[in-house]
Amino acid sequence: MDGASSTALMVCAYRARASTWPQPIMTDRWAAALAGEEGQRIAAGFDRHWPAMETWLALRVAYLDRLVALATDRLSVRQVVILGAGYDTRAARMPKSGVRYFEVDHPDTQAAKRARLAALPGYPVDAATYAPCDFEREDPVDRLRAAGLSTRLPTLVLWEGVVPYLTEAAVRATATTLARGLDPRSLLAFDFVGKNLAAGQKLSAQDHGMRDFIGDLAEPVRFGSDHITPLLAECGYRWVRTVSFDDLALQLLGDYQRERLFRFQRIALASPSVVDAPWP
Ligand SMILES: C[S@@+](CC[C@H](N)C(=O)[O-])C[C@H]1O[C@@H](n2cnc3c(N)ncnc32)[C@H](O)[C@@H]1O
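Residues numbered from 1 in each chain as written. Predicted model: local features only at pLDDT ≥ 70, side-chain atom pairs only at ≥ 80, totals over all residues. Heavy atoms only, no water.

**Here we look at the overall build of the protein chain**
On a plain count of helices and strands, the protein chain comes out with eleven helices and seven strands. Relative to the 2.2 N^0.38 estimate, which gives 19 Å for 280 residues, the radius of gyration of the protein chain is 17 Å and therefore close to what a compact globule would have. By its C-alpha atoms, the protein chain is 50 × 45 × 40 Å across when sized along the principal axes. Put simply, the protein chain has 280 residues, and 57% of those count as buried. Of the accessible surface of the protein chain, which amounts to about 12200 Å², a share of 49% is contributed by carbon and sulfur atoms. (Helix = DSSP H or I, 4+ residues; strand = E, 2+ residues; numbered from the N terminus. Rg over C-alpha atoms; globule rule 2.2 N^0.38 Å. Buried < 20%, exposed > 50% of the residue type's maximum accessible area, 1.4 Å probe, protein only. Areas by Shrake-Rupley, 256 points an atom, 1.4 Å probe, with all protein chains shown as cover.)

**Observations regarding the pairing of strand β3 (residues 128–132)**
One ladder, built from five bridges, connects strand β2 (residues 100–105) with β3; its direction is parallel. Its bridge partner being in β3, F102 is matched across the sheet by T129. Each parallel crossover has a hand, and for β2 linked through helix α5 (residues 107–118) to β3 it is right-handed. (Pairing = 2+ DSSP bridges. Right-handed = clockwise from strand over helix to strand, strands pointing away.)

**Focus on the sheet that holds β2**
Spatial ordering of the open sheet is given by β3-β2-β1-β4-β5-β7-β6, a layout of seven strands whose pairing is mixed. Each edge of the open sheet is held by one strand with a lone partner, namely β3 and β6 (239–244). Taken over all neighbouring pairs, the strand axes of this sheet differ in orientation by 20° on average, direction set aside. With respect to the sheet, helix α3 (residues 53–74) is in contact with β1 (79–83), β2, β4 (155–159), β5 (187–193), β6 and β7 (265–271), its orientation differing from that of β4 by roughly 170°. (Axes fitted to C-alpha atoms, helices over the stretch in contact; angles between N-to-C directions. Contact = heavy atoms within 4.5 Å.)

**Some points on the pattern of salt bridges**
Scanning the model with the defined rule gives 21 salt bridges in all. Salt-bridge contacts for D73 lead to K96; the nearest nitrogen and oxygen are separated by 3.5 Å. One end of the pair, D73, is in helix α3; the other, K96, is in the loop between α4 (90–93) and β2, with 23 residues separating them in the sequence. Assessed through its relative accessible area of 32%, K96 is described here as partly exposed. Linking R260 and D255 is a salt bridge whose minimum nitrogen-to-oxygen distance equals 2.9 Å. Here R260 falls in the buried class, since its relative accessible area comes to 9%. The partly exposed category is assigned to D255, whose relative accessible area is 25%. Linked through salt bridges whose partners overlap, the residues forming this network are R15, D28, R60, D65, D88, R90, R93, E160 and D191. (Salt bridge = Lys/Arg side-chain N within 4 Å of Asp/Glu carboxyl O.)

**Looking at the environment of F192**
Structurally, F192 can be placed in strand β5. A relative accessible area of 3% places F192 in the buried class. Excluding residues within four positions of it along the chain, F192 makes contact with V163, S225, I228, T242, F264, Q265, R266, I267 and A268.

Written out as structure tokens, the structure reads:
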């Protein structure tokens, strides 16, 4: 990725829209101002290729918000790391005394975000510690340590909407350094897409349109997997769960709709040690 991420602005605009649902499953009061007209314009373009994107994004945010709430409210986790943070506002939305938020992102996106935050009246910019890092070239654990993260405390790491844009080598290197470098009680949570979508193979015209739209934003989809457990095992994880978006929709919205085409994406939870925490 060269330059600040446009997909980050796009998903921020979807968060803004989902926050206005009559019965929202997540709310982000900063998202509309952060996404601005540029984010809304990109999201409006993407709607044509995948109308269910807003619902999918709301489910992803709502689920990961639940992980943060569980970790910080009930499991005494005191460090939350947001990898590839984009315009994430959890540090402002979900503050808790004694909990530190670290945002790691590509230097160009992080600089663009900080410029937008500075122009946003009332946003608590100091709620997070910012650490620039290009996952294709650099070690995020080094960056986090330098920013003050303790590797002796359990940490919740969210890697939301990032893995599909990385090379497999960067996915493996990042996952491995997290497994080796952080406290083994830490949890990594990330979403990923299927292999065919990443490879551009055996796709419907609609899937091609979606993939091409993202590629035209200069952030091509590069990594996908149909079975993430072997990769995570090789990277040093001992406990893995995957969650489907269809299951999440059923749980949080109360229905299943095949035409949403949620069956090609999943969320993975992984820990270097066997955990007994009640992760949802
Ligand atoms: C779709 S956005 C998701 C942003 C945010 N996590 C969210 O869900 O709103 C993709 C994010 O991945 C980050 N990213 C892509 N390639 C990266 C790389 N090589 N190193 C670090 N971050 C990267 C972008 O900067 C951007 O913030």
